[in-house]
Amino acid sequence: MVSREQRKAAQLHEKLQLLRSITNSHSVSETSIIVDASKYIEELKDKVERLNEEVASTSTNQLHNSWPLVAVENLGKGYLVNIHSEKSCPGLLVFILEVFEDLGLSVKEARVSCTDTFQFEALGGEDEENGEIISAQTVKQAVSQAIKNWRENNEHDN
């Protein structure tokens, strides 16, 4: 008959061997197997933390990428306006051109792509009749507001 202590020792040995195989430990002594398991757990914790950071970063990037990016550069008597989004933005072009009209800017040259992504690049100039000088920041704010209005309009339609 096997004593109670021998059964416990056998169960402990079995569990240590299981722990050894799970952690890919090549150690023989019980203490070394436990130390290897502890290191393995720390590695797993670090890996989980890195993955959580990646997921958070990806979520943040997707949130930012869902909004078109706007850049406006002052060219003296005009502006270079760049708008880019990773996804298509049906109807956004109309909102942007309305802002140009509201600001009294004329589009001298433009390139637009609205298929899978949205890309807008335009050279705009101030109407000389008006004589007002508009800052690049004002143009950027107006275009950003147009994007916000477009987004709200699309949310109401959906």
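For clarity, every value in this text was computed on a predicted model and none was experimentally measured.

**Description of the overall build of the chain**
And step 1. For the chain, the helix and strand inventory stands at four helices and four strands.
And step 2. Its helices and strands in sequence order give the chain the pattern α-α-β-β-α-β-β-α, from N to C terminus.
And step 3. A burial count over the chain gives 25% of its 158 residues as buried.

**Brief notes about the nonpolar core**
And step 1. Within the largest apolar cluster, 24 residues are counted, with the highest numbers of intra-cluster contacts made by Tyr79, Val81, Ile83, Phe120 and Val139.
And step 2. Going through the elements one at a time, strand E1 (69-74), strand E2 (78-85), helix H3 (92-103), strand E4 (118-126) and helix H4 (136-157) are the ones with two or more residues in this core.
And step 3. The element contributing the most residues to this core is H4, with seven residues.
And step 4. If sequence neighbours within four positions are ignored, Val81 has contacts with Ala71, Val72, Phe100, Phe120, Glu121, Ala122 and Val139.

**Brief notes about H3**
And step 1. Helix length check: H3 (12 residues) gives 17 Å between terminal C-alpha atoms against 16 Å at 1.5 Å per residue, within 8%.
And step 2. Turning to H3, its buried residues are Leu92, Phe95, Ile96, Val99, Phe100 and Leu103. Buried residues of H3, viewed axially, fall in a sector of 145°; they line one side. Structural note: H3 exposes Glu101 and Asp102 on the side pointing more than 90 degrees away from its buried face.
And step 3. In the segment just after H3, Gly104 is the residue with positive phi, at about 80°.

**Remarks on the confidence of the model for the chain**
And step 1. Averaged over every residue, the pLDDT of the chain is 83; residues scoring 70 or more account for 88%.
And step 2. Here helix H2 (residues 30-66) stands out as the least confident element of the chain, with mean pLDDT 79; helix H1 (residues 4-22) is the most confident, with 91.

**Regarding the packing of aromatic side chains**
And step 1. The final tally for this structure, using the stated rule, is one aromatic pair.
And step 2. Residues Phe100 and Phe120 carry aromatic rings whose centres are separated by 6.2 Å and whose planes lie at 80° to one another, so their mutual orientation is edge-to-face. Of this pair, Phe100 sits in helix H3 while Phe120 sits in strand E4, and the two are 20 residues apart along the sequence. Of the two residues, Phe100 and Phe120, neither departs from the other in class, the shared state being buried.

**Some details on the pattern of salt bridges**
And step 1. Following the criterion strictly, the structure yields two salt bridges and no others.
And step 2. Across the salt bridge formed by Lys45 and Glu42, the nearest N and O atoms sit 3.8 Å from each other. Here Glu42 and Lys45 lie together in helix H2, a separation of three residues that amounts to about one turn.
And step 3. Since its relative accessible area comes to 49%, Lys45 is described here as partly exposed.

Thresholds applied
- Residues numbered from 1 in each chain as written.
- Predicted model: local features only at pLDDT ≥ 70, side-chain atom pairs only at ≥ 80, totals over all residues.
- Heavy atoms only, no water.
- Helix = DSSP H or I, 4+ residues; strand = E, 2+ residues; numbered from the N terminus.
- Buried < 20%, exposed > 50% of the residue type's maximum accessible area, 1.4 Å probe, protein only.
- Core = buried A, V, L, I, M, F, W, Y, C linked by side-chain atoms within 4.5 Å.
- Contact = heavy atoms within 4.5 Å.
- Expected span 1.5 Å × (residues − 1).
- Arc of directions from axis to C-beta.
- pLDDT = per-residue confidence, 0-100.
- Phe/Tyr/Trp six-rings, centres within 6.5 Å; stacked < 30°, edge-to-face > 60°.
- Salt bridge = Lys/Arg side-chain N within 4 Å of Asp/Glu carboxyl O.

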